[in-house]
Each structure stands twice: as C-alpha cells, then as structure tokens.
Amino acid sequence: AKYPEIKSLMGPDPRLKWVVCMMVVIQFIAFYLVKDLDWKWVLFWTYAFGSCINHSMTLAIHEVSHNTAFGNNRAMWNRYFAMFANLPIGLPYSASFKRYHLDHHRYLGGDGIDVDIPTDFEGWFFCTRFRKFMWIILQPLFYAFRPLCINPKPVSQLEVVNISIQLTFNVLLYWLWGAKPVFYMMAGSLLGMGLHPISGHFIAEHYMFLKGHETYSYYGSLNLLTFNVGYHNEHHDFPSIPGRRLPMVKKIAAEYYDELPQYTSWLRVLYDFIMDDTLSPYSRVKRRLKGDIKQE
C-alpha cells in the first residue's frame, strides 16, 4: 500500500527464457566435451562446473514455476518450458516441484503440507556435527523422497510427460556420447545440491538461526548464479515478481528489509549450521493448519 510502484515489477521477465536457453546449450556443449576426457577430468569438471550450472538450472525451474517466463496467461507454456530446462539436470522433477512449491508458499511451515520441513526422523537422527554434515551431502535424496513421506500426491499427467521426456533424453544422450556425459549430468545434479556452496540457500532460507525470524535473505555474489533466490524475504512477500527485479523491491521498500537478519555468505551458513550444536533439521517453524486447505 505504501509503495504501489512495486506492482509494476510483477509479471514475466522477457530475458528469463533466453538465459535458460543459453544455459541449456552450454550444458549440451559440455556433454559433448566431456565424452572423450579421462575420468579424473570428468569428475573435476562435474563438480567444478556442471554442479554449478545444474543447481542454477533448478533455480531457473523455481523461477518458471511462478510463471515468470511467459506469464500467467500462458501457464502451460511455462510448464513445458520448465521440462526443457529440466533436460540437463537428468532427474525429472520440474512438474512435481511446481505442485509442491506452491504449497510451500501458501502454507509455509504447514504440518503435513509443506514438504520443505524435514521429517521427524531427520530431526532426531541428524543431530550431531558429523551427522549434520552427512545430511547436507544427502540433501538431494531427502528432497526427492520427503514428499512421499509427508504429503504424497497422485501422479499427474504432466509428471508422466516430464518423466517420459527426461528418460528419453537420458537414453539418447547415452546412445550418442556414452556414459561420461550421463555421469557428468546426473552426478553434477546430486553434487550441486549436496555439499556445495550454492546449497547454502537450502539452510539459509528458513532455518531459525535466530528465534523469531523464520525467513532470511542473502545478499552475496552467488545471487548472480541463482536468479536472486537469496532475496528470500522479498520473494515470499511478492512471489509473482521475477528474481531479476527483487533487488528493486529491496531498494524501493528498504526500511522493511534492511534491518532484518541477513546473510552475505552461504558457505558460512553451512559451516555455522554444522558447528552450532543448537541447530539441527528441527530448527524450523512448523504450524498446525486450520480451516480449508487447498493444495495444488
């Protein structure tokens, strides 16, 4: 109400689809380049480069899930474009992510609804420094299987299409260039979402390092690779504003964000989470939801 000009920031980002296309092409080129490398160099480039691009691609899919590529009037264009962005990741997840992520925004911390909340087993078992270290390494597996435990949903037609397209692509990639590009693709996704500097955003976004503060923003340089997902308070306030414009939200309404707790290093977030014995997967706000619940 105080800053009506923020409404002008809402709507699709015309640059997003071209950035995503460029990143997909870069990975396709990388698939070709790694096919004849020694395995030691395949491993090196998988972590040093492929993991960064693939994690960035997951956050591109996050952007597209909010219809910021083609707008709300072309919702299905966004869904199929997300499947295209999914190709170099190797794991078919874009259609499922859309369904669960909107629940995360609508029912943040909702018990049995928001699958971003760790399970009771995660909170109970991963409570020591070493176990928290292992939990971070295994993050992609928990994000994949947690929905099946917390809030399983019937498989949708779009999910079937997503799986079919992705598996077809994976088989074609193996048939054309062999096992090394497939390893580079799949291992890059798993490593990039595990023990990796960019993965600090998983912890930074909603884990309560300070009591009373549920969501935190990060204003460091890795936002350049992650479509400004670090501007997380701003994103939850205005999920229909593309990541490229979120810094403008902070600039316009600075007094609402400048004094909030914030991060400048995702690596420091990971280190503090592991070393601080008061923090664990339990360090989240969980809410018991009342009234009508409308899920995606």
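Residues numbered from 1 in each chain as written. Predicted model: local features only at pLDDT ≥ 70, side-chain atom pairs only at ≥ 80, totals over all residues. Heavy atoms only, no water.

An unreviewed UniProt entry annotates the chain as Sphingolipid delta(4)-desaturase DES1 of Nibea albiflora.

## Remarks on the overall build of the chain
Within the chain, the secondary structure is distributed over 14 helices and 2 strands. In terms of overall dimensions, the chain is globule-like: its C-alpha atoms have a radius of gyration of 19 Å, near the 19 Å expected for 296 residues. Seen along its three principal axes, the alpha-carbon backbone of the chain occupies a region of about 55 × 45 × 40 Å. Expressed as a percentage of its 296 residues, the buried residues of the chain come to 49%. The centroid of the 29 positive side-chain charges in the chain is displaced by 3 Å from the centroid of its 24 negative side-chain charges. (Helix = DSSP H or I, 4+ residues; strand = E, 2+ residues; numbered from the N terminus. Rg over C-alpha atoms; globule rule 2.2 N^0.38 Å. Buried < 20%, exposed > 50% of the residue type's maximum accessible area, 1.4 Å probe, protein only. Lys, Arg positive; Asp, Glu negative; His and termini not counted. Charge placed at Lys NZ, Arg CZ, Asp CG, Glu CD.)

## Points about the environment of T168
By secondary structure assignment, the location of T168 is in helix 8 (residues 157–177). For the pair T168 and L87, spaced 81 residues apart in sequence, the C-alpha separation works out to 9.9 Å.

## Describing the pattern of salt bridges
Under the counting rule described, the total for this entry stands at 14 salt bridges. Close ionic contact of D111 with R288 constitutes a salt bridge, the shortest N to O distance being 3.5 Å. In this pair, D111 is assigned in the loop between helix 4 (94–106) and helix 5 (120–125) and R288 in the segment after helix 14 (266–275), connecting sequence segments 177 residues apart. Accessibility expressed as a relative area gives 33% for D111, which makes it partly exposed. A relative accessible area of 70% places R288 in the exposed class. Where E122 meets R146, a salt bridge forms, and the shortest distance between an N and an O atom there is 2.7 Å. With a gap of 24 residues between them, E122 in helix 5 and R146 in helix 7 (residues 139–150) connect regions that are remote in the sequence. For E122, a relative accessible area of 1% gives the class buried. Within the structure, one salt-bridge network assembled from shared partners comprises D111, D120, K286 and R288. (Salt bridge = Lys/Arg side-chain N within 4 Å of Asp/Glu carboxyl O.)

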